Amino acid sequence: MLDSASTIARVDEILTRHQGMEGALLPILHAIQAEFGHVPQAALPVVAKAMNISGAEAHGVMSFYHDFREAPAGRHVLKLCRAEACQAVGADRVAEHAKSVLGLDWHETAKDGSVTLEPIFCLGLCACGPAAIVDGKLMGRVDAAKIDALVGALK
Amino acid sequence: MKIYLPLDSAAVALGADEIAEAILAQAEAKGVSVDLVRNGSRGMVWLEPLAEVVTDRGRLAFGPMTLEDVPALFGDLGSHAKALGLTEDLPWLKAQSRLTFARVGVIDPLSLADYKGQGGLSGLAKALTMDKTAIVAEVTASGLRGRGGAGFPTGIKWKTVSEATADRKYIVCNADEGDSATFADRMLMEGDPFTLIEGMVIAGLACGATKGFVYIRSEYPVAVGVMQEAVEIARAEGVLGNVLGSGQIFDMEVRVGAGAYVCGEETSLLNSLEGKRGVVRAKPPLPALQGFMGKPTVVNNVISLASIPVIFEKGAEFYKSFGLGRSRGTIPLQIAGNVKHGGLYEIAFGLTLGEIVDGIAGGTASGRPVKAVQVGGPLGAYFPRALFGTPFGYEEFAGKDGLIGHAGLTVFDDSADMLAQARFAMEFCAIESCGKCTPCRIGAVRGVETVDRIAKGDASAIPLLTDLCATMKAGSLCALVGFTPYPVLSALTHFPDDFNRMKEAAE
């Protein structure tokens, strides 16, 4: 568990790196998430003070964007594309299969903390769908067999 | 031995990184020295990963490559199982008019020397000899219209910013390419990032702006990496900063979005860039007068800006000679979904939808009949075969209650359920709504419920859906909800059977 003093020290360091940048809040939140794996709630008041905005505004920005998490994700994050071009080649079937194999619905994390399942709307792999991204690695033409192999490797 | 293998996301998703490792390992085992260049994609996604070996005859193509095909690259190339012949002779490439994508897949994306060798920076050099008014006039004369989807004349936007008085002005590149079926921005940034940088510098010269931003969506990690590296190279080589030693200043930064589709809308993007929630702004004031930080700002799509260098290199008249009606120049078609031959195909405006779907794309991958083609992304209309005669152009598609948007086409075979697609359009709008306008925030949720009523056989909900669509179309600030009725109503109009099945079953 992170103690708040060390969290704040690391956040301060990130804030220093972004000094003088125009519209720095998103880059700062990205940097915090890269550092901690999520945006710790203890970080927000510190960020708000440094940016001269209210705590409510900082929370509003963080919660507006799908990318920022309040809590850590599982050790692996599997994102499946749900958009139209992938639908046209069976993404819905692949998603149902993944949900049943993992026993998870969208945005859920396995009880053992191994995998988080998330929807994503378009990876720009629309001519080789269904598309997925696992821990930052892109995958095309995903089918039930690839999901099975992947889940086996992630567990 | 020189081998090209794409670093493009689609190639990587199909195993290009593993092929690259195998090529290097094989070369080492054989004691052959290999210069492996990770290039952009040629756009033939069904052939990815596509390796190219440089020979005396030219570049020979091999694809789609698997790990088993790697060793034979070091043997007799003529008898290689995946040999496709000379890349430039492939019919898919030969029939295109590649202006904006001329260098994508050809050069090493991060070699400025390669870039210059293929005509790069000559447009900028010419622009540096012209004054602001002349640069804007050249863009206006080219007939270039915003490739992001709205089709607004680029020259007119630039003129407004150029003539505005302010202490600072900005050039913002909208690379938040969130529409399904579109990947031209991604391919351009991954395959030829200096073209975008050159286009932005010229925009800066034209408008008197000294700072630019490229706002790239976080779903494009490869594009973000390539662009960041390219910006650093351009700065070190004097393309950015004191532009080619001219005394004129322009620099730029790459910024990354955070997974909000609505940030592709220009005012929402500006708020996001300022570090705020990506909520849509009312217009006026136009971003051209009060944009980023309240200063005059050009917001242009990647392809609009990346088409600028060729306009200056070859002249506005040359660019304008392509196209039809008021749709001038070329358009990178992105052919996606259930297609035999999917990928990027740059061609003059004017092909019919049927020529694209049946001809270029070769029909469906599943081999079943084409049922519908969604043109222009999640906010575009579904076109049935009856409308396949529509020529690809802004006004032509608008005339059929559709839009070309960013020129993405998603092909569906006859297993598609158009009621489900209409429901998805509403669901997507509800998920991605920024929350500002009621017809979007609440209307889209009610839209899902109304489609569900129709699915259960309640035909009385159909007029309600039509009415709701009219409210969404007229009662909101931005295109997200303003255009959601396109897929919904086109599905309802062109595929009424899909909305009546349950009723028939009940009877």
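Just so you know, these numbers come straight off a predicted model, no measurement behind them. (Residues numbered from 1 in each chain as written. Chains lettered and ligands numbered in written order. Predicted model: local features only at pLDDT ≥ 70, side-chain atom pairs only at ≥ 80, totals over all residues.)

1. Regarding the overall build of chain B
The following threshold applies: Only DSSP runs of H or I reaching four residues or more are called helices, and only runs of E reaching two or more are called strands; each is numbered from the N terminus. In this treatment the radius of gyration is a C-alpha quantity, and the globule benchmark scales as 2.2 Å times the residue count to the 0.38 power. Three exposure classes are used, all based on how many other C-beta atoms lie within 10 Å of a residue's own C-beta (placed from the backbone): buried at 20 or more, exposed at 12 or fewer, and partly exposed between those limits. A residue pair is marked as a contact if its C-beta atoms, positioned from the backbone, fall within 7 Å.
Counting secondary structure elements, chain B contains 23 helices and 17 strands. A globule of 507 residues ought to have a C-alpha radius of gyration of about 23 Å, and chain B, at 23 Å, matches this closely. Projecting the C-alpha coordinates of chain B onto the three principal axes gives extents of approximately 75 × 60 × 40 Å. For chain B, with 507 residues in total, the buried portion stands at 57%. Counting only contacts in chain B whose residues sit at least 6 apart along the sequence, the fraction spanning at least 24 positions is 71%.

2. Brief notes about the packing of helix α20 (residues 461-474) of chain B against helix α22 (residues 485-494) of chain B
All names here are of chain B. Convention followed: All axes here are fitted lines through C-alpha atoms, helices being fitted over the stretch that makes contact, and every angle between N-to-C directions spans 0 to 180 degrees. Angle categories are assigned with fixed cut-offs, so that under 35 degrees is roughly parallel, over 145 is roughly antiparallel, 65 to 115 is roughly perpendicular, and the rest are oblique. Left-handed describes a crossing in which the near helix is turned anticlockwise from the far one by less than a right angle; the clockwise case is right-handed. Each residue is assigned to one class: nonpolar for Ala, Val, Leu, Ile, Met, Phe, Trp, Tyr, Cys and Pro, charged for Asp, Glu, Lys and Arg, and polar for all the others, Gly among them.
With their axes 10 Å apart at the nearest point, α20 and α22 run at an angle of 155° to one another. With respect to α22, the element α20 is oriented roughly antiparallel. Where α20 crosses over α22, the two elements pack in a sense that is left-handed. Residues L465, T466, C469, M472 and K473 of α20 lie in contact with α22, whose contacting residues are P485, V488, L489 and L492. Residue composition of the contact of α20 with α22, grouped by class: 7 nonpolar, 1 polar and 1 charged.

3. Considerations on the sheet that holds strand β3 (residues 51-55) of chain B
Residue and element names in this part refer to chain B. Our working rule: Each pair of strands is called paired provided DSSP finds at least two bridges between the two strands.
Ordered by their spatial adjacency, 5 strands build an open sheet running β2-β1-β3-β4-β5, and the pairing between neighbours is mixed. Edge positions in the open sheet fall to β2 (35-37) and β5 (83-86), since each of these has one partner strand only. Taken over all neighbouring pairs, the strand axes of this sheet differ in orientation by 25° on average, direction set aside. Relative to strand β4 (residues 58-62), β3 runs antiparallel, the two sharing 5 bridges. Along β4, the bridge assignment pairs E52 with A61.

4. Notes on the packing of helix α1 (residues 4-17) of chain A against helix α2 (residues 25-36) of chain A
Angle between the axes and distance between the axes: these two values describe a pair of packed helices. All names here are of chain A. In contact at an axis separation of 10 Å, α1 and α2 are set at 140° when each is read in the N-to-C sense. The orientation of α1 relative to α2 falls into the category oblique. Crossing handedness for the pair α1 and α2: right-handed. Listed contacts from α2 to R10, V11, I14 and L15 of α1 are I28, A31, I32 and E35. Here the contact of α1 with α2 is composed, by residue class, of 6 nonpolar, no polar and 2 charged.

5. Brief notes about the sheet that holds strand β15 (residues 370-375) of chain B
Residues and elements named next belong to chain B. On the basis of which strands lie adjacent, the open sheet formed by 5 strands has the order β14-β13-β17-β15-β16 and mixed pairing. Two strands bound the open sheet, and with one partner strand each, they are β14 (343-348) and β16 (382-383). Where β15 and strand β17 (residues 408-413) come together, 5 bridges link them in antiparallel fashion. Residue pairing across strands places V375 opposite L409, the latter belonging to β17.

6. Digging into helix α11 (residues 266-273) of chain B
Along α11 of chain B, 8 of the 8 residues are buried, which leaves the element largely enclosed by surrounding structure. Where α11 of chain B is concerned, the buried positions are E266, T267, S268, L269, L270, N271, S272 and L273 of chain B. Contact partners of the buried residues in α11 of chain B: α2 of chain A together with β6 (170-175), β7 (211-216), β9 (249-256) and β10 (297-301) of chain B. Where α11 of chain B ends, the next residue or the one after it, G275 of chain B, has phi of about 90°, a positive value.

7. With respect to the domain arrangement of chain B
Residue and element names in this part refer to chain B. The condition is simple: Reported domain spans reflect what an automatic or database domain assignment gives.
Segmentation of chain B into domains returns domain 1 (2-94), domain 2 (120-319), domain 3 (322-413) and domain 4 (418-506). Placing the centre of domain 2 and that of domain 4 at their C-alpha centroids yields a distance of 34 Å. Between domain 2 and domain 4, the contact holds 8 residues from the first and 7 residues from the second. Class assignment of the residues belonging to the side of domain 2 that touches domain 4 gives a composition of 5 nonpolar, 2 polar and 1 charged.

8. Thoughts on the pairing of β10 of chain B
Residue and element names in this part refer to chain B. Burial analysis of β10 places 5 of its 5 residues in the buried class, which makes it a mostly covered element. Alternating residues of β10 divide into T297, V299 and N301 and V298 and N300, and every residue in both groups is buried. Sheet topology places β6 next to β10; 5 bridges connect them, and they run parallel. Along β10, the bridge assignment pairs Y170 with T297.

9. Details of the environment of V262 of chain B
All names here are of chain B. With respect to the secondary-structure elements, V262 resides in the loop between β9 and α11. Judged by the 28 C-beta atoms lying within 10 Å of it, V262 is buried. Linking V262 and S433, residues 171 residues apart in sequence, is a C-alpha distance of 6.9 Å. The residues touching V262, leaving out its near neighbours within four places in the chain, are S268, G278, V280, E432, C434 and L480.

10. Description of the pairing of β9 of chain B
Residues and elements named next belong to chain B. With 6 bridges joining them, β7 and β9 adopt parallel strand pairing. If you follow G212 over to β9, its bridge partner there is M252. Where strand β8 (residues 241-242) meets β9, 2 bridges bridge the pair, whose relative direction is antiparallel. Opposite G241, over in β9, you have F250 as the bridge partner.

11. Quick word on unusual backbone geometry
For residues that are not glycine, phi is negative in most cases, and the peptide bond is trans in most cases. With an omega of -5°, the peptide bond running from G63 of chain B to P64 of chain B counts as cis. Take P64 of chain B: it is sitting in the loop between β4 and β5. A cis amide bond links K283 of chain B with the next residue in sequence, P284 of chain B, at an omega value of -5°. Along the chain, P284 of chain B turns up in the loop between α11 and β10. You will see that R141 of chain A, though not glycine, has its phi angle at about 45°, which is positive. Structurally, R141 of chain A can be placed in the loop between β4 (137-139) and α7 (144-154). Looking at R141 of chain A, the number of C-beta atoms within 10 Å reads 15, which means it is partly exposed. Unusually for a residue other than glycine, A181 of chain B sits at a positive phi of about 85°. For A181 of chain B, the position within the fold is in the loop between β6 and α8 (184-191).

12. Considering the domain arrangement of chain A
Looking at the assigned domains, one finds that chain A contains domain 1 (4-64) and domain 2 (76-154). Distance from the C-alpha centre of domain 1 of chain A to the C-alpha centre of domain 2 of chain A: 30 Å.

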